[in-house]
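Here is how the chains run, residue by residue.
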Amino acid sequence: MASAPPTTIAGAPPLPVRAPRGATLSCKGWPQEAILRMLHNNLEVGERPEELIVYGGSGRAARSWADFDAIVATLRRLEQDQTLVIQSGRPVAVFTTHARAPRVVMANSNLVPRWATAEHFRQLESAGLMMYGQMTAGSWCYIGTQGIVQGTYETFAAVARRHFKGTLAGRLCLSAGLGGMGGAQPLAITLNGGVALVVEVDPSRIDRRVAAGYCQRRVDDLEQALKLALAAKERKEALSIGLLGNAAEVYPRLLERDLVPDVVTDQTSAHDALRYVPLGLSIPQADALREEDGQDYARRAVASMVAHCGAMVRMHEEGAVVFDYGNNLRGQAQDAGLRDAFSYPGFVVAYLRPMFCEGRGPFRWVCLSGEATDLQRTDELVLELFGDDQTLHRWITLARQHVPIEGLPARVCWLGLGQRARFALALNDLVRRKQLRAPIAITRDHLDTGSVASPNRETEGMRDGSDAVADWPLLNALLNTAAGADSVQIHSGGGVGVGLSVHAGMVVVCDGSSLADDKITAVFATDPGIGVARHADAGYGIALRTAAQAGLDLPYLECTRGAPPGWSGDEDE
Ligand code: NAD
């Protein structure tokens, strides 16, 4: 294995980076301005901005600070009919295209399949030829921990419905990792009434989540944490504790004490053996070893993952509800010899797939003004349009009370096919009628209905065995480009690590224009539509019904006489 890329990047601008706010443009149009503000916002709310790291282990916003500066300068001079091309965090070209074309297209972290290994990627990264874009880091669509909080909340709500009569009250939920994404777990669990015990090895990450209101308490001692957690469980009180410790040590220690939590998962950065912290090392020791001897670091990290995953397998055998939370811990442990690592399921196959079949996914919007009042108005719009949808009503009500604003005010709201277009057009109308201080950028996670192929995560256990088929996310990006999205991205490796996933993202800017109406209408047909088509093709009944209700034109159904291969027509979801 090559040594790790440098953790300090020369030429960093004065930190902290802060996204521009207000109604004044520094670019030649709102689409370019929106993309520029989102790039800055990624670093404003990111985990290690000095290293250009946004979240998800080493997910970066740009390849170097020189690239960052060049991107900013190019966005400022970019005309309304030009397209900027980003290759793995570097601005490589500008072409004259047309007004309905994307202003930015990106490809990050993609390798030819046979060469798509972590080792080869690290060599290229060390040589300055590539960067790891994760999902929304390299695509400048990250909105902080709040971006994942509804998905995490819905996952734990599904756990509660499936196993505990609709509530986590009186249940102990064990997890690990309080980073950019994992930091949403304590809040999501307490919003469902449960007790969250989340193990985190880096004290500064716990402090950050406590300060932001995502986690209630930091505790440095296992005995004290258990005392508090078990007392709250007994009283059926919601409580969240960030426990300072290493998951590879704490999980097995709970088993030694015959303590099996009700729910167990994990969101450490296990997808990257150079970011998961090995047993026995403090953060400064881990940072030093990573720089000195990446090979030894990775070897120790993977051995720790085996202990960590092995404890989860045992807890599953002992009756806990256990699920993988999208970080490929199972894959790493299996590759290192833990044969039954996949004995517990991933979160998408266990809880989220029915939503993907309806084209539902993590629709997000960002208030470019920076004003909290704009967010309030858009929250009201959700209730005005979808007030009779109980899930959305409950979510917006909870989010307004409990989810802190990070960076540019933004919201995530899982919307389905049809809902996304309706809401986006209404947002554009608010901008047109000057009911907001500035335009809105709409984006989403790459984890969505039709935009990702990831056999250990989003496409695990597909009904027709098509888990590894990567045509779908590529088609998603092509379609969104044709439909006129303002930014379109194709990435690889997000969530689970290099070579293990292919995924795509997009941004559409609501600047109040009729051109934006046209783009919205097209993009919010294609983007969730291809997801419904993908799941219908795989034989999911919910997707077939959604497609029929939405009038999607799926010609292959004619060749298969109404049902795709493998579909028996049963209620299989
Ligand atoms: P991050 O790098 O911001 O945070 C990871 C955290 O894990 C850090 O705070 C780190 O200190 C901690 N950690 C590392 N090793 C540890 C150990 N042995 N014990 C305890 N804590 C340890 O990453 P993130 O953005 O929070 O993402 C976490 C993982 O979740 C990644 O693998 C990512 O790909 C995956 N992910 C999941 C989803 C989802 O929807 N479930 C979405 C995005 C990412």
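Conventions and cut-offs
Residues numbered from 1 in each chain as written. Predicted model: local features only at pLDDT ≥ 70, side-chain atom pairs only at ≥ 80, totals over all residues. Heavy atoms only, no water. Helix = DSSP H or I, 4+ residues; strand = E, 2+ residues; numbered from the N terminus. Buried < 20%, exposed > 50% of the residue type's maximum accessible area, 1.4 Å probe, protein only. Contact = heavy atoms within 4.5 Å. Areas by Shrake-Rupley, 256 points an atom, 1.4 Å probe, with all protein chains shown as cover. Lys, Arg positive; Asp, Glu negative; His and termini not counted. Charge placed at Lys NZ, Arg CZ, Asp CG, Glu CD. Core = buried A, V, L, I, M, F, W, Y, C linked by side-chain atoms within 4.5 Å. Domains from an automatic or database assignment. Polar contact = N/O pair within 3.5 Å; in protein donor to acceptor, adjacent residues only side chain to side chain. Buried area = accessible area lost by both parts, 1.4 Å probe. 1 Å grid on protein atoms, 1.4 Å probe; cavity = no way out; pocket = protein on both sides within 12 Å on 5 of 7 lines; lining within 4 Å. Points joined across faces, edges and corners; volume = space filled by probe spheres on them. Nonpolar A, V, L, I, M, F, W, Y, C, P; charged D, E, K, R; others polar. Near = heavy atom within 4 Å. Axes fitted to C-alpha atoms, helices over the stretch in contact; angles between N-to-C directions. Parallel < 35°, antiparallel > 145°, perpendicular 65-115°, else oblique. Left-handed = near helix turned anticlockwise from the far one by under 90°. Patch = residues over 30% accessible without salt bridge, like charges linked within 9 Å, V, L, I, M, F, W, Y side chains within 5 Å. Salt bridge = Lys/Arg side-chain N within 4 Å of Asp/Glu carboxyl O.

A. Representation of the overall build of the protein chain in the model. The secondary structure content of the protein chain amounts to 19 helices and 17 strands. With the principal axes as the frame, the protein chain shows a C-alpha extent of 65 × 55 × 50 Å. A total of 573 residues make up the protein chain; the buried ones form 62% of that total. If you take every contact in the protein chain between residues at least 6 apart in sequence, the share linking residues at least 24 apart comes to 71%. Per element, the accessible surface of the protein chain, about 20300 Å² overall, is 52% carbon and sulfur. Taking the average place of the 56 positive charges on the side chains of the protein chain and the average place of its 65 negative ones, the gap between the two points comes to 3 Å.

B. Geometry of the nonpolar core. Core analysis: the biggest nonpolar cluster contains 98 residues, and W140, W365 and F524 have the highest contact counts within it. When residues of this core are assigned to domains, at least three fall in each of domain 1 (146–345) and domain 2 (354–559). If sequence neighbours within four positions are ignored, F524 has contacts with F363, L417, R420, A421, A424, I442, M506 and V508. V264, A270, A298 and L329 belong to the second-largest nonpolar core, a separate cluster that totals 49 residues.

C. Structural view of the side chain of S304. Positionally, S304 belongs in helix α10 (residues 294–317). A distance of 3.0 Å separates a polar atom in the side chain of S304 from the backbone oxygen of R300. Discounting chain neighbours no more than four positions away, the residues touching S304 are A248, Y276, P278 and L279.

D. Main features of the domain arrangement of the protein chain. When its domains are assigned, the protein chain resolves into domain 1 (146–345) and domain 2 (354–559). Each of domain 1 and domain 2 has a C-alpha centre, and the two are 28 Å apart. Facing the 21 residues of domain 1 at the interface are 24 residues of domain 2. Summing both partners gives a buried area of about 2000 Å² for domain 1 against domain 2, and 53% of it is carried by carbon and sulfur. Contact with domain 2 buries area across many residues of domain 1, yet Q146, Q150 and Y153 alone supply 32% of it, more than any other trio.

E. Local environment of empty space enclosed by the protein. Per the stated rule, a full pass over the model turns up two cavities of 30 Å³ or more. Empty space within the second largest cavity amounts to approximately 40 Å³. In terms of lining, the second largest cavity is formed by F356, D448, T449, V452, E458, T459, R534 and H535. Of the residues belonging to the lining of the second largest cavity, the class tally is two nonpolar, three polar and three charged.

F. Main features of the site of the ligand. In the region of the ligand, 32 residues are neighbours, and G56, G57, E200, H271 and G495 sit closest. Here an oxygen atom of the ligand and a backbone polar atom of G180 are 2.9 Å apart. Contact distances for the ligand include 3.0 Å between a nitrogen atom and a backbone N or O atom of A247. Burial of the ligand by the protein chains amounts to 98% of its free accessible area of 850 Å². Split into classes, the residues belonging to the shell around the ligand amount to eleven nonpolar, 16 polar and five charged. Among the domains, domain 1 (146–345) and domain 2 (354–559) are the pair contributing at least three residues each to the shell around the ligand.

G. Highlighting the packing of helix α15 (residues 419–432) against helix α17 (residues 514–537). Axis separation between α15 and α17 bottoms out at 9 Å; the angle between their running directions is 165°. In terms of orientation, α15 lies roughly antiparallel with respect to α17. The chirality of how α15 crosses α17 is right-handed. Across from R420, A421, A424, L425, N428 and R432 in α15, the residues of α17 making contact are S514, A516, D517, I520, T521, F524, D527 and P528. Residue classes in the contact of α15 with α17 are distributed as seven nonpolar, three polar and four charged.

H. Fine view of a negative patch on the surface. On the surface, D258, E317, E318 and D340 cluster together to form a negatively charged patch. Relative to the assigned elements, E317 resides in helix α10. What makes E317 exposed here is its relative accessible area of 55%.

I. Structural detail: the pattern of salt bridges. Evaluation of the coordinates by the stated rule reveals 44 salt bridges. Here E371 and R437 are joined by a salt bridge, their closest N and O atoms 3.6 Å apart. Here E371, found in the loop between β12 (361–367) and α13 (372–386), pairs with R437, found in the loop between α15 and β14 (440–444); they are 66 residues apart in sequence, far enough to count as distant. Residue R377 is joined to E380 by a salt bridge in which the shortest nitrogen-to-oxygen separation is 3.8 Å. Taken as a pair, R377 and E380 lie in helix α13 at a separation of three residues, close to a single helical turn. Judged by relative accessible area, R377 falls into the buried class, the value being 18%. Each of R377, D379, E380, E384, R400 and R411 takes part in one network of salt bridges that share partners.

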